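Summary of structural features
This is what each chain is made of:
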Amino acid sequence: MNKFVRDKRAYPRAEIVVDGVTEGNAMMKQTSWTLLENNPWWRVDLGEVYTVNEIIIYNRTDGIEVNQLKDFTVSLHDAVGNIVWKSVQNQVPIPSVKIPVSNKKGRFVKIQLNGKGSLTLAEVIVK
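Here the residue index of a chain counts from 1 through its sequence in written order. For this predicted model, a pLDDT threshold of at least 70 governs which residues receive local features, and a threshold of 80 or more governs which side-chain atom pairs are given and counted, while totals over whole chains, interfaces and linings are taken from all residues. Where side-chain values are given, they derive from all heavy atoms of the structure, hydrogens and water being excluded.

1. Some thoughts on the overall build of the chain
Per the convention used, a helix needs a DSSP run of H or I reaching at least four residues, while a strand needs a run of E reaching at least two, with both numbered from the N terminus. Each helix and strand in the chain was counted, giving 0 helices and 9 strands. Listing the helices and strands of the chain from first to last along the sequence gives β-β-β-β-β-β-β-β-β. Within the chain, buried positions represent 39% of all 127 residues. Any pair of residues with heavy atoms lying within 4.5 Å of one another is described as a contacting pair. Contacts spanning at least 24 positions in sequence make up 72% of the contacts within the chain whose residues lie at least 6 apart. Every accessible area reported is derived by Shrake-Rupley at a probe size of 1.4 Å, with residue values counting cover from the shown protein chains alone. Summed over its atoms, the accessible surface of the chain is roughly 7500 Å², and 50% of this surface lies on carbon and sulfur atoms. Here's how the labels work: a residue is buried when its accessible area is under 20% of the maximum for its type, exposed when over 50%, partly exposed in between, all with a 1.4 Å probe on protein chains only.

In C-alpha cells:
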C-alpha cells in the first residue's frame, strides 16, 4: 500500500512563515507569498498578549525576486486590533532584518507591503 505524506512546507500557505525554517527557497516551497495586489499583508495571532522585544523577518534566499520584500510596514496590534507599535522598513532584508520593538505588549504581528506587489516571506520570529 502506498502512503502519501504531506509535508506542510510543500504549499505556499501562510503558516509556512512560522514553521521554524529560515531558509527561503521558493522552489523548495519554503516561502509563503500573496498574489500581486495592492498593500498585501500577512498577520500572525500570538494567541494572547505578550511583551514583544524583537521581530525578525527572513526574506527568500534563492536569489529570485528577493527585492519584492521592500518598503513594508511591521506592526504590533493589541487584542482588539489597535496598532500599539509600527516600523516602516525601506531596506530589503538580505537575508533577514532584526527590528527592535522595546517591550511593547501585543497579540498580533502584521507585515504589509506599502504599495502594489506580492508579499513573500520565509520566516517571522517574534521574541
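2. A closer look at the pairing of strand S6 (residues 96-113)
Here, any two strands with at least 2 DSSP bridges between them count as paired. Relative to S6, strand S3 (residues 41-58) is paired through 13 bridges, and the arrangement is antiparallel. Looking across to S6, one finds that isoleucine 55 is bridged to isoleucine 99. For strand S4 (residues 72-77) and S6, the ladder comprises 6 bridges, and the chain directions are antiparallel. Of the residues in S6, the one forming a bridge with phenylalanine 72 is leucine 113.

3. Re the pattern of salt bridges
Salt bridges, as used here, are contacts in which a Lys or Arg side-chain nitrogen is within 4 Å of a carboxyl oxygen on Asp or Glu. Summed over the entire model, instances satisfying the criterion amount to 3 salt bridges. Two residues, arginine 107 and aspartate 45, come together in a salt bridge whose shortest N-O distance is 2.7 Å. Of this pair, arginine 107 sits in strand S6 while aspartate 45 sits in strand S3; the two residues are 62 residues apart in sequence, bridging distant segments of the chain. The partner of aspartate 62 in a salt bridge is arginine 60, with the nearest N and O atoms 3.0 Å apart.

4. Considerations on the confidence of the model for the chain
Per-residue confidence from the predictor is reported as pLDDT, a score between 0 and 100. In the predicted model, the chain carries a mean pLDDT of 85, and 82% of its residues have values of at least 70. Considering only residues more than four positions removed or in separate chains, one finds that residues 1-11, a stretch of pLDDT under 50, has 14 contacts.

5. Comments concerning the pairing of S3
The sheet contact formed by S3 and strand S9 (residues 123-126) spans 4 bridges and is antiparallel. Bridging across to S9, tyrosine 58 finds its partner in glutamate 123.

6. Regarding the packing of aromatic side chains
Only centres within 6.5 Å qualify two rings of Phe, Tyr or Trp (six-membered ring in Trp) as a pair; their planes then separate them into stacked at under 30 degrees, edge-to-face at over 60, and tilted for everything else. In total, this model carries 0 aromatic pairs according to the counting rule given. Should the NZ of a Lys or the CZ of an Arg lie within 6 Å of a ring centre and within 35 degrees of the ring normal, that charge is described as sitting over the ring. Its guanidinium or amino end placed over the ring of phenylalanine 108, arginine 43 lies 4.2 Å from that ring's centre, counting from NZ or CZ. Sitting over the face of the ring of tryptophan 41, lysine 110 holds its NZ or CZ atom 4.9 Å from the ring centroid.

7. Some thoughts on the sheet that holds strand S5 (residues 83-89)
Taken together, the 5 strands give an open sheet; going across it, the order is S5-S4-S6-S3-S9, and neighbouring strands pair in antiparallel fashion. At either margin of the open sheet sits one strand with a lone partner, and together these are S5 and S9. Taking each pair of neighbouring strands and ignoring which way they run, the sheet shows an average axis angle of 25°. For helices, the fitted line uses only the C-alpha atoms of the stretch in contact; every axis is such a line through C-alpha atoms, and the angle between N-to-C directions lies from 0 to 180 degrees.

8. Describing the side chain of asparagine 59
Note on placement: asparagine 59 falls in the loop between S3 and S4. Judged by relative accessible area, which is 1%, asparagine 59 ranks as buried.

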